[in-house]
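Spelled out from the first residue to the last, the chains are:
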Amino acid sequence: MNEVGFIGLGNMGQPMVKNLLKAGLKVKVYNRTANKAAEVVSAGAELVERPCDVVTTDGIVITMVSNDQALEELVYGPDGLGTKLGENGIHLSMSTVAPETSRKLAQFHSEKGSFYIASPVFGRPEAAAAQKLWILSSGNSQAKEKVKSIQEAMGQRVFDLGEEPGNANVVKLGGNFMIMAAMEAMAEAFNLAEKNGIDREAVAEVYSTTLFNCTVYNGYGSMIAKKKFEPAGFQLELGLKDCNLVLAEANSTKTPMPLANLVQNRLLASVAKGRGKQDWAALTKLANEEAGLE
């Protein structure tokens, strides 16, 4: 395939489209707010007026939108891609949504003769720009093989998680929960250091270069140590949405997740305090306030 459709030009979608263009693909794009497409259009993408207009029959459409409702509207809506994708078309869904949403959409596409691949990603906008996303993938094996080169154009590795459509979403939500839990742990540890007169940025460096030398502790550790949460790479209100999805899946599968309940309360209180548009690492402000450090 040398042409794809792409819907959703937020902080993640724009750099992903640019990487597809760099890979030599023709890309038709749609976004509810059309002026957000200016940058990718100047890079070579073609802007269309309706979601269904990105669709090439039997082609591939990528969606990267903020929540389950937006995704379902793009598929089921009157100008949606669901009925136009056609026999053997592929919907590559890269949004973070509920596993059950992916299962429903996979069934819908199957009834139309097309395929649904769940393919959420790990990585912030800067990782998307650098083609360093970690990409999850679950769904029909033959369809996954067809889209693999497209996924590779946007990331550094694709993880195949089987044919069950919801698998990739389960793993994505679990990973996001682990990030939230790590951020809370960092806030509490840094506060303990600061209350003892130790520079929290120095402590963050110790942890991120020894015990926890990884992306999450390096990236978020610096933000939490500096108490700097803007500009937002991933908004806190979206983190709350993801945590709610984690707990919904936990409830449906009778999986106790007490730590997820704690983090959900942190996120909910943060949104109530008007911090929803800040980076989701701002959930740690509550720990700072409780320690008398904010």
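Above this text is the structure in question.
Parameters and conventions
- Along each chain, numbering runs from 1 in the same order as the chain's sequence is written.
- Reporting of local features is limited, given that this is a predicted model, to residues whose pLDDT is at least 70; pairs of side-chain atoms are given and counted only at 80 or more, and all residues count toward the totals for whole chains, interfaces and linings.
- Neither water nor hydrogens contribute to the side-chain values; these are computed over all heavy atoms in the structure.
- Only centres within 6.5 Å qualify two rings of Phe, Tyr or Trp (six-membered ring in Trp) as a pair; their planes then separate them into stacked at under 30 degrees, edge-to-face at over 60, and tilted for everything else.
- In this description a helix means any DSSP run of H or I spanning at least four residues, a strand means any run of E spanning at least two, and both kinds are numbered starting from the N terminus.
- Only protein chains enter the accessibility calculation, which uses a 1.4 Å probe; a residue is then buried when its area is under 20% of its type maximum, exposed when over 50%, and partly exposed in between.
- Whenever a helix is involved, its axis is fitted only over the stretch in contact; in every case the axis is a line through C-alpha atoms, and angles between N-to-C directions fall within 0 to 180 degrees.
- Angle categories: roughly parallel below 35 degrees, roughly antiparallel above 145, roughly perpendicular from 65 to 115, and oblique for all the rest.
- Put simply, a crossing is left-handed when the front helix is turned counterclockwise from the back one by less than a right angle, and right-handed when it is turned clockwise.
- The contact definition used throughout considers only heavy atoms, calling two residues in contact when any of these lie within 4.5 Å.
- Residue polarity is assigned by list, with Asp, Glu, Lys and Arg as charged and Ala, Val, Leu, Ile, Met, Phe, Trp, Tyr, Cys and Pro as nonpolar; anything else, Gly included, falls into the polar class.
- In short, DSSP must find at least two bridges between two strands for them to pair.

S.K.: Would you explain the packing of aromatic side chains in this entry?
M.R.: One pair of aromatic rings is described through two measures. These are the centre distance and the angle between the planes. All chains considered together, the criterion is met by six aromatic pairs. Taken together, a centroid distance of 6.1 Å and an interplanar angle of 75° make the contact between Tyr220 and Trp280 edge-to-face. Here Trp280 lies in the loop between α11 (258-272) and α12 (285-290) and Tyr220 lies in helix α9 (residues 215-226), a separation of 60 residues in the sequence. Each of the two residues, Tyr220 as well as Trp280, counts as buried. Taken together through their ring pairs, the aromatic side chains of Tyr220, Phe234 and Trp280 make up a single cluster.

S.K.: Any chance you could explain the packing of helix α7 (residues 167-195) against helix α8 (residues 200-209) here in plain terms?
M.R.: To describe two helices that pack against each other, one gives the angle between their axes and the distance between the axes. Contact geometry for α7 and α8: axes closest at 9 Å, N-to-C directions at 135°. On the basis of their axis angle, the class for α7 and α8 is oblique. Note that α7 runs across α8; the crossing there is right-handed. Only Arg200, Val203, Ala204 and Tyr207 of α8 make contact with α7, whose side of the interface consists of Ala189, Phe190, Asn191, Ala193 and Glu194. For the contact of α7 with α8, a count of residues per class yields six nonpolar, one polar and two charged.

S.K.: Please explain the sheet that holds strand β8 (residues 133-137) as it appears in this structure.
M.R.: Think of a sheet as strands paired side by side through backbone hydrogen bonds, with each pair either parallel or antiparallel. Strand order in the open sheet made by the three strands is β7-β8-β9, with mixed pairing throughout. A strand with exactly one partner marks an edge of an open sheet, and here the two such strands are β7 (121-122) and β9 (155-160). With two bridges connecting them, β7 and β8 associate as antiparallel partners. Among the inter-strand pairings, Val121 is bridged to a residue of β8, identified as Ile135. Together, β8 and β9 form the strand contacts of helix α6 (residues 141-152), whose direction differs from that of β9 by roughly 155°.

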